[in-house]
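# A look at the structure
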Amino acid sequence: MNWAVPRKIVAGFGLGIAFLIANALIDYRSFVTLTEATEAVQDGLRASDLLKEVRSAVSDSEAGQRNYILTENRDYLESSLKILKSTQGPMSELLERVSNAEEIDKTKQLQSLIAARVAQFEGALGDVQAGRKAAALRAMTAPESKRILNSTDGLFEQFSALQAALFEHRTDDLQKSSRRALVTFYVATFCGLILLGVVYYLVYRDIEKRRQAEDRLRVVATHDPLTALPNRTLLHEQLSHALASALRHNRNLAVLLIDLDRFKNVNDTLGHEAGDAVLQTTAQRISDCLRDTDTMARQGGDEFVVLMDDLADLAPVAGVSQRILNAITGPMVVEGQEVHLTASIGISVFPQDGRTLLKNADIALYRAKEKGKNNFQFYSAQFDNFSVERLSLEAGLRRALERDEFTLHYQPKVDIVSGLITGMEALIRWQHPDLGWISPARFIPLAEESGLILPIGAWVLKTACVQNRAWQKQGLRRMRIAVNLSPRQFFVTSLPQDIGAALKDSGLEATDLELEITESMAMNNPEQTVGMLRQLKRMGAHVSIDDFGTGYSSLAYIKRLPVDSVKVDRSFVEDLPGDRDSVAITKAVINMAHSLRLRVVAEGVETEAQLRFLHGEGCDEMQGHFFSEARTPVEIPALMRKSLRIGGPIFLAERRRRVS
């Protein structure tokens, strides 16, 4: 999960920082303003004190002057001079304190008057020291002296009035600045709290969203998105807890591994959306069959797992398994199509089967499929050999094409009337490097389940076309080569293109190729089957229905299929002519096929009695060991010279019947 900080949080945080900085600047400016106003007031107060100090000194010096005039005591004159000179310091400080231009001007005027007065006192003191007391007295009482005193007093009055006005103004500014600073502080604090609340809300909401996202991610990580069931990860966790509980309380535990039979056909024919709908319906049906204490998970694909814990005995296991099988076999309607499915169940039990319950249930599941599907099987230790063999076959099957371990043998089809070979059916054989020859009955179902049937089927088609063309170049009589199509191969949309490519690469004419599909394949999806068969027929290929009679096809359905022939299944032929049911079915198949202008081929003919019966009922072609088993390609040229006992007993009997 991407834990990058969201932009709105970054923006909110940045806005908060900016607001705090602005608030700090406002507070700083308010502080500076208050400080300046306070300092101005303090300077005014100090200036007033200094002015009072100077005024007092001037008054004291004038008092000393008067005492000198009255007493002519020199000490009074010296004391007055000293007092006047002592005002220099306060006057200098006063000049530094004042900032108003008018104050500065009056301060300088006052300094000039005091300096003039000091000069008068120094002159008078000089006259006294020289013995000119009369001159000193005249200087002290002269009009100039009186003018300086009057100017000084007037200046003191003006200065005091000016300072009073300035002090009042500065005090008023200080009060206003204080009020502004207080209002600014309250507003900034309020806005700051609002902003902090907004940022807190954004952070809280983001944390809540992340928590919800984590919860969703946890569900996605532990549950199947299609069915909402626990997935493989959560299943293993639940199984571990269940095993620990069963071991602690000495109880039984069962694992049911459920796999849908032939589910790939649903995906291949109806599409994956329909397949998903089937899985959802199946999950619900399985869930309805469980006890309240059972848990269920989707293992993956079309596999489900049921965990039955806290079992006193194993009686409920079989009952639940049978209920599940019965529920799944019920028809499902998906996209207007009725779908019928079955399931196979493998069961493993703790403590009897050990702790590897899923592995053992998987082995039991394949045993259930080997027994014909639509059943359940309990695990047994003897199944391990089966599982090892199956894994070995699957691993070998994946490498068989690369190592050229497959070969094709060819079994002839013979016209019963003329006795001549009319075609060959390509039958695949596998020469395993360790296990020797392996029957198709063993590896074809495995190839279907694993998906390897597609490359194997493509190889069979290409090889058979090349071989038939090679026989033609050798001068053999032209005949059709029959290739069986698997269900997965038949419903692949690219099948016509694949067949066209095989014909083109080999140089074989489409009319020399026969494609065989089983009756059950044709019934699985009628509309898609008809569409695909029409495409194959337009190419010029011959189409045949194999294993006819085993799929319960109706005449109305068969007549819609664009096919050329049907093959009577060997299960009916093998009991001819002694079994009345087989006789009735075979006659019905032959008559129905001929009424639809289809040729009839009988499979598995192994006795002369079977051949005589088929000939008498008008069967067109036969295939079986009575004439020849499947042969290697090099044996076919010699086999082509053989015919079906023309002139033999069965044909003589036919001639006598026709004459009579």
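So, here is what we can say about the structure in this document. (Residues numbered from 1 in each chain as written. Predicted model: local features only at pLDDT ≥ 70, side-chain atom pairs only at ≥ 80, totals over all residues. Heavy atoms only, no water.)

### As for the overall build of the protein chain
Looking only at helices and strands, one finds 24 helices and 16 strands in the protein chain. Across the protein chain, the fraction of contacts at a sequence separation of at least 24, relative to all contacts at a separation of at least 6, is 70%. In the form shown here, the protein chain has an accessible surface area of approximately 33,800 Å², with 54% of it arising from carbon and sulfur atoms. (Helix = DSSP H or I, 4+ residues; strand = E, 2+ residues; numbered from the N terminus. Contact = heavy atoms within 4.5 Å. Areas by Shrake-Rupley, 256 points an atom, 1.4 Å probe, with all protein chains shown as cover.)

### Here's the deal with helix H9 (residues 272-288)
Compared with an ideal rise of 1.5 Å per residue, which puts 17 residues at 24 Å, H9 spans 24 Å between its outermost C-alpha atoms and is within 8% of the ideal. Those residues of H9 that sit buried are Ala274, Gly275, Val278, Leu279, Thr282, Ala283, Arg285 and Ile286. Summarising the contacts, the buried residues of H9 are in contact with strand E1 (252-261), helix H8 (263-270), strand E2 (295-300), strand E3 (303-311), helix H10 (315-329) and strand E4 (332-334). (Expected span 1.5 Å × (residues − 1). Buried < 20%, exposed > 50% of the residue type's maximum accessible area, 1.4 Å probe, protein only.)

### Regarding the side chain of Asp302
Relative to the elements of secondary structure, Asp302 occurs in the loop between E2 and E3. The residues contacting Asp302, other than those within four sequence positions of it, are Ile258, Asp259, Leu260, Phe263 and Leu279.

### Overview of the packing of helix H16 (residues 495-506) against helix H18 (residues 526-539)
Two elements in contact, H16 and H18, have axes separated by 10 Å at closest approach and are oriented at 25°. Taken together, the axes of H16 and H18 lie roughly parallel to each other. The crossing of H16 and H18 is right-handed. Here Leu495, Pro496, Ile499, Gly500 and Leu503 of H16 come into contact with H18, specifically with Met532, Gln535, Leu536 and Met539. Taken together, the residues that form the contact of H16 with H18 break down as 7 nonpolar, 2 polar and no charged. (Axes fitted to C-alpha atoms, helices over the stretch in contact; angles between N-to-C directions. Parallel < 35°, antiparallel > 145°, perpendicular 65-115°, else oblique. Left-handed = near helix turned anticlockwise from the far one by under 90°. Nonpolar A, V, L, I, M, F, W, Y, C, P; charged D, E, K, R; others polar.)

### Quick notes on the packing of aromatic side chains
Applying the stated criterion across every chain yields a total of 7 aromatic pairs. With centroids separated by 5.9 Å and ring planes inclined at 50°, the aromatic side chains of Phe406 and Trp430 adopt a geometry described as tilted. Note that Phe406 is positioned in strand E8 (residues 406-415) and Trp430 in strand E9 (residues 421-432), a separation of 24 residues in sequence. With respect to burial, Phe406 and Trp430 carry one shared label: buried. Here the aromatic rings of Phe490 and Phe491 are separated by 5.0 Å at their centres, their planes lie at 80°, and the arrangement is edge-to-face. Across the pair, Phe491 and Phe490 agree in class, each one buried. Aromatic rings pair up to connect Phe406, Trp430, Phe443 and Trp459 into one cluster. Sitting over the ring of Phe627, Lys642 keeps its end group 4.6 Å from the ring centre. (Phe/Tyr/Trp six-rings, centres within 6.5 Å; stacked < 30°, edge-to-face > 60°. Lys NZ or Arg CZ within 6 Å of the ring centre and 35° of its normal.)

### A closer look at the sheet that holds E3
A sheet is described by the order of its strands in space; here 5 strands give the open sequence E2-E3-E1-E6-E7, paired in mixed fashion. Edge positions in the sheet fall to E2 and strand E7 (376-378), since each of these pairs with one other strand and no more. Along the sheet, successive strands turn relative to each other by an average axial angle of 20°, direction set aside. Bridge count for E1 against strand E6 (residues 342-350) is 9 bridges, and the pairing is antiparallel. (Pairing = 2+ DSSP bridges.)

### Considering the nonpolar core
With 78 residues, the main nonpolar core has Leu397, Met424, Phe490, Leu513 and Ile636 as its most contacted residues. Per-element accounting of this core gives the leading share, 7 residues, to helix H14 (residues 453-473). Look past the residues within four positions of Met424 in its chain and what remains in contact with it is Tyr410, Gln411, Pro412, Trp471, Met479, Arg480, Ile481, Ala482, Ile636, Leu639 and Met640. In this structure, Leu256, Leu279, Ala283 and Ile286 belong to the second largest nonpolar core, which totals 32 residues. (Core = buried A, V, L, I, M, F, W, Y, C linked by side-chain atoms within 4.5 Å.)

### Some thoughts on the pairing of strand E12 (residues 513-518)
The buried fraction of E12 amounts to 5 of the 6 residues, a majority that puts the element mostly inside the structure. Relative to E12, strand E11 (residues 480-484) runs parallel, the two sharing 4 bridges. By the bridge assignment, Ala482 is partnered in E12 with Glu514. Sheet topology places E12 next to strand E13 (residues 542-548); 5 bridges connect them, and they run parallel. For Thr518, the partnering residue across the bridge sits in E13 and is Asp546.

### Section: the packing of H14 against H16
Taken N-terminus to C-terminus, the directions of H14 and H16 make an angle of 30°; their axes are 9 Å apart at the nearest point. Classified by chirality, the crossing of H16 by H14 is right-handed. Between H14 and H16, the residues in contact are Leu461, Lys462, Cys465, Val466 and Arg469 and Asp498, Ile499, Ala502, Leu503 and Ser506, respectively. Residues belonging to the contact of H14 with H16 are distributed by class as follows: 6 nonpolar, 1 polar and 3 charged.

### A look at the environment of Asp404
Tracing the backbone shows Asp404 in the loop between helix H12 (383-400) and E8. Considered as a pair, Asp404 and Gln431 are 27 residues apart in the sequence and their alpha carbons are 9.1 Å apart.

### Structural notes on the pattern of salt bridges
Enumeration over the complete set of coordinates arrives at 13 salt bridges. Residues Asp564 and Lys537 are paired through a salt bridge, measuring 2.6 Å at the closest nitrogen-oxygen approach. Of this pair, Asp564 sits in the loop between helix H19 (555-558) and strand E14 (565-568) while Lys537 sits in helix H18, and the two are 27 residues apart along the sequence. For Lys537, a relative accessible area of 29% translates into the label partly exposed. (Salt bridge = Lys/Arg side-chain N within 4 Å of Asp/Glu carboxyl O.)

### Let's talk about unusual backbone geometry
Cis peptide bonds are those with omega within 30 degrees of zero, and the linkage from Phe350 to Pro351 qualifies with 15°. Position of Pro351 relative to the elements: it lies in the loop between E6 and helix H11 (357-370). For the bond from Leu576 to Pro577, the omega torsion is -5°, close enough to zero to count as cis. Following the sequence through the fold, Pro577 ends up in the loop between helix H20 (570-573) and helix H21 (580-595). Even without a glycine there, the phi angle at Ala228 is positive, about 65°. The topology assignment puts Ala228 in the loop between helix H6 (143-222) and helix H7 (232-249). Notably, Asn374 is not glycine yet its phi reads approximately 55°, a positive angle. Here Asn374 shows up in the loop between H11 and E7. We classify Asn374 as partly exposed; its relative accessible area is 36%.

The values reported here are purely geometric and, on their own, carry no functional implication.
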